[in-house]
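Listed here are the chains, written in short residue letters.
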Amino acid sequence: MHTAAVRRLTKDEHLSAEFATTWPQYDLDEKTRALLAYAKKLTQEPSMMEDSDIEDLRAAGWDERGIYEATALVSFFNYSGRIEAAAGLPRDQIPEGAKFPEATAGKPTVSVRG
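Model, not experiment: these values are computed from the prediction.

Conventions and cut-offs
- Residues numbered from 1 in each chain as written.
- Predicted model: local features only at pLDDT ≥ 70, side-chain atom pairs only at ≥ 80, totals over all residues.
- Heavy atoms only, no water.
- Helix = DSSP H or I, 4+ residues; strand = E, 2+ residues; numbered from the N terminus.
- Expected span 1.5 Å × (residues − 1).
- Buried < 20%, exposed > 50% of the residue type's maximum accessible area, 1.4 Å probe, protein only.
- Phe/Tyr/Trp six-rings, centres within 6.5 Å; stacked < 30°, edge-to-face > 60°.
- Lys NZ or Arg CZ within 6 Å of the ring centre and 35° of its normal.
- Core = buried A, V, L, I, M, F, W, Y, C linked by side-chain atoms within 4.5 Å.
- Salt bridge = Lys/Arg side-chain N within 4 Å of Asp/Glu carboxyl O.

Colleague: Help me out: how do you make sense of helix 5 (residues 64-87) in this one?
Modeller: Given 3.6 residues to a turn, an α-helix orients residues that are three or four positions apart in the same direction. For helix 5, with 24 residues, the first-to-last C-alpha span of 34 Å sits near the 34 Å given by 1.5 Å per residue. Within the span of helix 5, buried status applies to Gly-66, Ile-67, Ala-70, Val-74, Phe-77, Asn-78, Ser-80 and Glu-84.

Here's what the structure looks like:
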């Protein structure tokens, strides 16, 4: 799932899962490199994030919306990955029967009237 997101971002369908750790070796544009460095720090050292990390993204060409969306996406993947790891689940798989009624198609279980 994570590699698929990076493939969409870079428009390179040939990236493997190893890209997550080998990206510094690739010839990447400044904007992509800044985003990946930001994502790495947010993932590995979230308590060390500083205003300068956001300034680095802006300097590389990221606008406020892009920064917000990237932060949300990285945070979501970190969150879901930690749930999987803590539960001992295989990566990117939800156990059968763990489907939340709120997320299933069909009639809503609660009716709200304004």
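Colleague: Looking at this structure, how should I read the packing of aromatic side chains?
Modeller: Where two aromatic rings form a pair, the distance of their centres and the angle of their planes describe that pair. On inspection of all chains with the given rule, the structure shows 2 aromatic pairs. On the basis of an interplanar angle of 75° and a centroid distance of 4.8 Å, the ring pair of Phe-19 and Tyr-26 is categorised as edge-to-face. Note on Tyr-26: relative accessible area 34%, which makes it partly exposed. Residues Phe-76 and Phe-77 carry aromatic rings whose centres are separated by 6.0 Å and whose planes lie at 55° to one another, so their mutual orientation is tilted. Above the ring of Trp-62, the side-chain terminus of Lys-31 is found at 4.6 Å from the ring centroid.

Colleague: It is not clear to me how the nonpolar core should be interpreted in this structure. Could you clarify?
Modeller: Burial of nonpolar side chains together is a common tendency in soluble globular proteins. In terms of nonpolar packing, the biggest core is built from 11 residues, these being Ala-34, Leu-35, Tyr-38, Ala-39, Leu-42, Leu-57, Ala-60, Trp-62, Ile-67, Ala-70 and Val-74. Elements that contribute at least two residues to this core include exactly helix 3 (30-44) and helix 5. Looking at this core, the element that brings in the most residues is helix 3, giving 5 residues. Core analysis: the next-biggest nonpolar cluster, separate from the first, contains 6 residues, Val-6, Phe-19, Trp-23 and Leu-28 among them.

Colleague: Mind showing me how you'd approach the pattern of salt bridges here?
Modeller: Pairing is possible between side chains that carry opposite charge, provided their charged atoms lie close to one another. Enumeration over the complete set of coordinates arrives at 4 salt bridges. Here Arg-58 and Glu-55 are joined by a salt bridge, their closest N and O atoms 2.4 Å apart. Taken as a pair, Arg-58 and Glu-55 lie in helix 4 (residues 51-59) at a separation of 3 residues, close to a single helical turn. Assessed through its relative accessible area of 34%, Arg-58 is described here as partly exposed. Residue Glu-69 is joined to Arg-65 by a salt bridge in which the shortest nitrogen-to-oxygen separation is 2.7 Å. Residue Glu-69 and its partner Arg-65 are both found in helix 5; the two are separated by 4 residues, about one turn of the helix. With a relative accessible area of 43%, Glu-69 lands in the partly exposed category. In this structure Arg-65 comes out as exposed when scored by relative accessible area, which is 63%. A network of salt bridges, in which partner residues are shared, links Glu-55, Arg-58 and Glu-64.

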